[in-house]
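One-letter residues, chain by chain:
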Amino acid sequence: MPVWLLVLGVGALVFYTDDYVIAGVIPEIAADLAVSEAVAGQLVTAFSLTVAIASPVIAIGAARIRGRALLGTAAAVFTLANALAAGAPDYPTLVALRVLAALAAAAATPMLFGTAAALAPAERVGRYVAVVAFGVTGAIAVGVPVGTWIGGAFGWRTTFAFMAVAGLVFGVAARFVLPPGTGVREALPVRQQLAILVRPAVSLGLAANLVLMLGSMMVLTYLAPYVDALADAGPGQRGVLFAVSGAAGMLGIWAGGVATDRWGPDRALIAGVAAFVAAMAALLALWPWRPVPVVLLVPVVAVWGGAAFWNSPAVQARLHLLAGPVATQALALNTAGTYLGVAAGGAIGGAVLGAGGLAQLPVVAAAAGIVALGLFVAARRAASSSKSRSAS
């Protein structure tokens, strides 16, 4: 495995950790800056929405910038924003600095995946993208707990200082390890970029990923109350189930990358979405038998966690292959869709619970999976039709 690929994975770990790490120190931030915890929590929302909105805009506007230069600049801005956040005097200043850090993440995240796919051998695109995706899950499994521990032990400002150091390390590594020609792309006019991005083969796939993320994150967000009602699971047992889903997700990323290389991204996606829908059906089938033994949930949660992350390499590889000279822009739109899907999943899941429909949570999630599956199939047919017209 080339060193530059590991650097890209570390970059994903750094940028995604910066989004999630605030959740672990919200009480300390709220107390120090004299705001409520609900208001302090909006720092996460500000970061996520900024990435969702800015990522495609930056990718299209910065199409002429070499990838290594873009990553280096993003890392510098990210480092500066977090260093200043460590000394932020008040809440409005901290919000502004979080937005600045999010703009850096919005510029870098699609380029991380795009560079991995562009420099990968043709037969290993899925696996190379999977390595970068490991950084995303690593942010949840490792980065956030470490950042939270640092904040608890030394104060929340130290958490931001830690992220600034992490950004600096990545920026230096990217400057000296990535190949000089990294990310050299054909600079198409904006109109031509948009013309490729709105093609059904690309746009339907982007919509499918958004819907799939909505369904998957709906389950992740409200898994605790669901399994509590289904299996009368206490905090310790719920922790085990979350750990199982995380471990399965790590395995699922790599397995999805291998499947993408062997079967092609379309077949890998169909298999992954079908497994997700099957896991939701299993949760629904268990509901009438509650309380069920927690041990029965372990394989179901494992399949769900593995399927949820299995799809990431296939989605990224598919867009890289179909979007051609605007692959990074397509990946930026996919990043935006992922963040919007996470936000929508939490909101819709909350509405389901608010209506007293806890039992309907897997039904709504499965419906989202089925819609996503239909969109992926339609995107696949659109791509096949386009190839047929080109051949004739």
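Below you will find a few notes about this structure.

Calculation notes
Residues numbered from 1 in each chain as written. Predicted model: local features only at pLDDT ≥ 70, side-chain atom pairs only at ≥ 80, totals over all residues. Heavy atoms only, no water. Salt bridge = Lys/Arg side-chain N within 4 Å of Asp/Glu carboxyl O. Helix = DSSP H or I, 4+ residues; strand = E, 2+ residues; numbered from the N terminus. Buried < 20%, exposed > 50% of the residue type's maximum accessible area, 1.4 Å probe, protein only. Phe/Tyr/Trp six-rings, centres within 6.5 Å; stacked < 30°, edge-to-face > 60°. Contact = heavy atoms within 4.5 Å.

### Here's the deal with the pattern of salt bridges
- Summed over all chains, the structure comprises four salt bridges.
- As a salt-bridge pair, Asp-18 and Arg-98 come within 3.0 Å of each other at their nearest N and O atoms. One end of the pair, Asp-18, is in helix α1 (residues 3-20); the other, Arg-98, is in helix α5 (residues 91-119), and 80 residues separate them in sequence. The burial state of Asp-18 is the same as that of Arg-98; both residues are buried.
- One salt bridge in this structure joins Asp-266 and Arg-318, with 3.2 Å as the shortest N-O distance. Taken as a pair, Asp-266 in helix α12 (residues 265-286) and Arg-318 in helix α13 (residues 297-323) lie far apart in primary sequence, 52 residues in all.
- Given the relative accessible area of 22%, Asp-266 is considered partly exposed.

### Some thoughts on the packing of aromatic side chains
- On inspection of all chains with the given rule, the structure shows eight aromatic pairs.
- Ring centres of Trp-4 and Tyr-128 lie 5.9 Å apart, and the angle between their planes is 55 degrees; this geometry places the pair in the tilted category. Of the two residues, Trp-4 is situated in helix α1 and Tyr-128 in helix α6 (residues 125-154); the sequence distance between them amounts to 124 residues.
- Owing to a relative accessible area of 14%, Trp-4 belongs among the buried residues under this scheme.
- Residues Trp-149 and Phe-154 carry aromatic rings whose centres are separated by 6.0 Å and whose planes lie at 85 degrees to one another, so their mutual orientation is edge-to-face.

### Some points on the environment of Gly-369
- In this structure, Gly-369 sits in helix α15 (residues 361-391).
- On a C-alpha basis, the gap between Gly-369 and Leu-212 in space is 5.5 Å, while along the polypeptide they are 157 residues apart.
- Setting aside residues up to four positions removed in sequence, Gly-369 forms contacts with Leu-212, Val-273, Phe-276 and Val-277.

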